[in-house]
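Working through the structure, step by step
Read off the chains here:
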Amino acid sequence: MRIIIAGLAVLVAGGCVAACNTAGGTAGGVGTVTAGTGGAQGTCVVTAKLIPTCGAWWGIAPDVFSGRGPVRSVELAERRMGRRADIVHVYHRGGELFPTAEEREVAKGPRLLLVNWKPAPERTWAEIAGGAADGRVDRLADHILATFPGRFFLTIHHEPENDVRQGGGYSAADYAAMYRHVVTRLRQRGVRNAVTVMTYMGAPNWADKPWFGKLYPGDDVVDWVALDPYADDRVSDFAGLVDKTRPEHPSWPGFYRWMQARFPAKPIMVAEWGAFERPGMPRFKRDFFESVGRQLGDFPQIKALVYFDSPLAPRGDTRFDTTPGATRAFTWLATRPRFSSTPVPPA
């Protein structure tokens, strides 16, 4: 059982808390809006920062690398897993404007978009922090203001750890400055509906680097913290996925433990997670998905799970339905009450 930090009213998993009984009140220092009907006692609500006060969001990055558009990909994924997604994860880079017309259609579900954006891959982080991509940021802000009033999740250049280099504009401090600059400029241009997410890789080999702590841009520009863990051949269950430790990195406590201690008042998102096929272990995915159902309650600060579903992931096939047993286990998990306690607010 993991330690539960006291006083996290809106982050207690598994049931409504004080905020659920007061629509329009406050929870965890942020205003709430009712997600259900009316404001009756017992109603679960969604905070201004898209935190569900009851349970957690269920999300998916559907059919990644297939080339299909998001509307069709989401339709097929939801048919396969037997429910509508709360969150749909999409990826953009450079001067691409988002949400696109198809992504706006997806959001009408209602579904929440998690947009992953690398603002200027051709520029260093230091250059972006210095304003080199401001025109691009401003065009995006104008597009969002003109086309999409709904709230959405936005992560800026996810998984920065393996891109860090000392010197040349790619230090951890450069990343933090870049993230801060982009978010601040979007807000200055009027974008107030983006709920910001700082997304880490979640790998011990990077997390114990001396510069690791300098990546964080600051509480005022980060609403959620996230990690992107995958079940490689050294992971056997959900606890080992989100709290990876390694003998060769003895000082590292595990990512969830670190996040819980470092960010006790912020919700945690598992923004990408997946189980790879294992030759000779046809039941691995089934067993792994079953472990999520058993162990998720030990990690109350996790308020969203977003699966990475792809036959073409860089390290293997992460589709959740490659065997009948895996399909049944994943569908069972997706339809648990924990992931339907709080309705998604209208887009």
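Residues numbered from 1 in each chain as written. Predicted model: local features only at pLDDT ≥ 70, side-chain atom pairs only at ≥ 80, totals over all residues. Heavy atoms only, no water.

Here we look at the overall build of the protein chain
Within the protein chain, the regular secondary structure consists of 10 helices and 12 strands. For the protein chain, with 347 residues in total, the buried portion stands at 56%. When the accessible surface of the protein chain is totalled, it reaches about 13,900 Å², and 52% of it is carbon and sulfur. (Helix = DSSP H or I, 4+ residues; strand = E, 2+ residues; numbered from the N terminus. Buried < 20%, exposed > 50% of the residue type's maximum accessible area, 1.4 Å probe, protein only. Areas by Shrake-Rupley, 256 points an atom, 1.4 Å probe, with all protein chains shown as cover.)

As for helix H4 (residues 134–147)
The first and last C-alpha atoms of H4 sit 20 Å apart over 14 residues, in line with the 20 Å expected at 1.5 Å per residue. Within H4, the full set of buried residues consists of Asp134, Val137, Asp138, Leu140, Ala141, His143 and Ile144. Its buried side turned inward, H4 meets helix H2 (101–107), strand S6 (112–118), strand S7 (152–156) and helix H5 (172–188). (Expected span 1.5 Å × (residues − 1). Contact = heavy atoms within 4.5 Å.)

Things to note about the pattern of salt bridges
Once the charged atoms of two side chains with opposite charge are near each other, the side chains can pair. Within the structure shown, the criterion is met by 21 salt bridges. Note that Arg111 and Glu78 form a salt bridge whose closest N and O atoms lie 2.7 Å from each other. With Arg111 in the loop between H2 and S6 and Glu78 in helix H1 (residues 70–81), the pair connects residues that are 33 residues apart, well separated along the chain. Between Asp287 and Arg286 there is a salt bridge, and its shortest N-O distance comes to 2.7 Å. With relative accessibility at 26%, the residue Arg286 sits in the partly exposed group. Shared partners join several salt bridges into a network, and the residues in it are Asp134, Asp138, Asp142, Arg185 and Arg189. (Salt bridge = Lys/Arg side-chain N within 4 Å of Asp/Glu carboxyl O.)

Here we look at the state of the cysteines
Under the counting rule described, the total for this entry stands at 1 disulfide. Here Cys44 connects covalently by a disulfide to Cys54, the sulfurs 2.2 Å from one another. A torsion of -90° about the S-S bond marks the disulfide between Cys44 and Cys54 as left-handed. Pair noted here: Cys44 is in the loop between strand S2 (30–34) and strand S3 (45–47) and Cys54 is in the loop between S3 and strand S4 (57–61), with a separation of 10 residues, a long-range link. Per residue, the accessibility class of Cys44 equals that of Cys54, and both read buried. (Disulfide = S-S within 2.5 Å.)

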